[in-house]
Amino acid sequence: MNEDLIFYYKQRAKEYENIYLKPERQDDLKTATTILQETFIKKDIFEIGCGTGYWTEKIGKTASSILATDINETVVEIARKKDYKNAAVTFGIADFYSYEETKKYEGLFGGFIWSHIPVQHLYKFLFKISKFVLPGGTVVFMDYNYEEGSNRPIT
């Protein structure tokens, strides 16, 4: 992954979740949370780009277990401090492209990572995902595009 991008997220780790505080996003966040919790209920999940654990915490309320990974240790340290009452959550520091895992999961989640995948790496990225998910498993990506001066709904 781009070293500048890693540094960027390291520097803004403590403020990262402020994007979820905007009043105009609350309805979309509730809807997204409900969809994710229903999609991953009682499943073992592999999460890439977990960041500060915002979505890990939401998914963890219904999932059986989550292996939450991120390339940036600074954000993972924030995620480790959260309360994951219902799911067994473990964390890993990993560059998704070089990460090797022998276990296959019932689901894979990537929140706000899709926009960081260069188009020329998309095939490699999708191929790598297939190594982590059981046949018939569920893969969910959630992302949005920021536009200067606009607060678009999360999609």
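Residues numbered from 1 in each chain as written. Predicted model: local features only at pLDDT ≥ 70, side-chain atom pairs only at ≥ 80, totals over all residues. Heavy atoms only, no water.

Digging into the overall build of the protein chain
Reasoning step 1: For the protein chain, the count of helices and strands is 5 helices and 5 strands.
Reasoning step 2: Scored against the burial criterion, the 155 residues of the protein chain give a buried share of 43%.
Reasoning step 3: Taking contacts inside the protein chain between residues at least 6 apart in sequence as the whole, the part at least 24 apart equals 65%.
Reasoning step 4: Taken as a whole, the protein chain presents about 8900 Å² of accessible surface, with 52% of it coming from carbon and sulfur. (Helix = DSSP H or I, 4+ residues; strand = E, 2+ residues; numbered from the N terminus. Buried < 20%, exposed > 50% of the residue type's maximum accessible area, 1.4 Å probe, protein only. Contact = heavy atoms within 4.5 Å. Areas by Shrake-Rupley, 256 points an atom, 1.4 Å probe, with all protein chains shown as cover.)

Structural notes on the nonpolar core
Reasoning step 1: Grouped together as the largest cluster of nonpolar side chains are 26 residues, with contacts concentrated most on Leu36, Trp55, Ile59, Phe91 and Phe109.
Reasoning step 2: Listed by contribution, the elements that provide at least two residues to this core are helix 2 (26-39), helix 3 (54-59), strand 2 (65-70), helix 4 (73-80), strand 3 (88-93) and strand 5 (133-142).
Reasoning step 3: In this view, Leu36 contacts Trp55, Ile59, Phe109, Val140 and Met142; residues no more than four positions away in its chain are not counted. (Core = buried A, V, L, I, M, F, W, Y, C linked by side-chain atoms within 4.5 Å.)

Here we look at helix 2
Reasoning step 1: The terminal C-alpha atoms of helix 2 lie 20 Å apart, and with 14 residues this matches the ideal 20 Å at 1.5 Å per residue to within 8%.
Reasoning step 2: Along helix 2, the residues classified as buried are Leu29, Ala32, Thr33, Leu36 and Gln37. All buried residues of helix 2 fall inside an arc of 130 degrees around its axis, so they share one side. Exposed side chains of helix 2 directed beyond 90 degrees from the buried face belong to Asp27, Lys30 and Glu38.
Reasoning step 3: Packed against the buried residues of helix 2 are helix 3, strand 4 (105-111) and strand 5. (Expected span 1.5 Å × (residues − 1). Arc of directions from axis to C-beta.)

A look at the side chain of Lys128
Reasoning step 1: Here Lys128 shows up in helix 5 (residues 122-130).
Reasoning step 2: Only 3.3 Å separates the side chain of Lys128 from the backbone oxygen of Tyr97, close enough to count as a polar contact.
Reasoning step 3: Reaching out from Lys128, the side chain makes a polar contact with the side chain of Glu100 at a distance of 3.2 Å.
Reasoning step 4: When residues no more than four places from it in sequence are discounted, the contact partners of Lys128 are Phe96, Tyr97, Ser98, Tyr99 and Glu100. (Polar contact = N/O pair within 3.5 Å; in protein donor to acceptor, adjacent residues only side chain to side chain.)

Brief notes about the environment of Lys104
Reasoning step 1: With respect to the helices and strands, the residue Lys104 is situated in the loop between strand 3 and strand 4.
Reasoning step 2: Overall, the relative accessible area of 38% leaves Lys104 in the partly exposed class.
Reasoning step 3: Lys104 has contacts with Ser130, Lys131, Phe132, Val133 and Leu134, leaving out every residue within four places of it along the chain.
Reasoning step 4: Separated by 3.4 Å, the side chain of Lys104 and the backbone oxygen of Ser130 make a polar contact.
Reasoning step 5: A polar contact is formed between the side chain of Lys104 and the backbone oxygen of Lys131, at a distance of 3.4 Å.

Nothing here speaks to function; it is all geometry.
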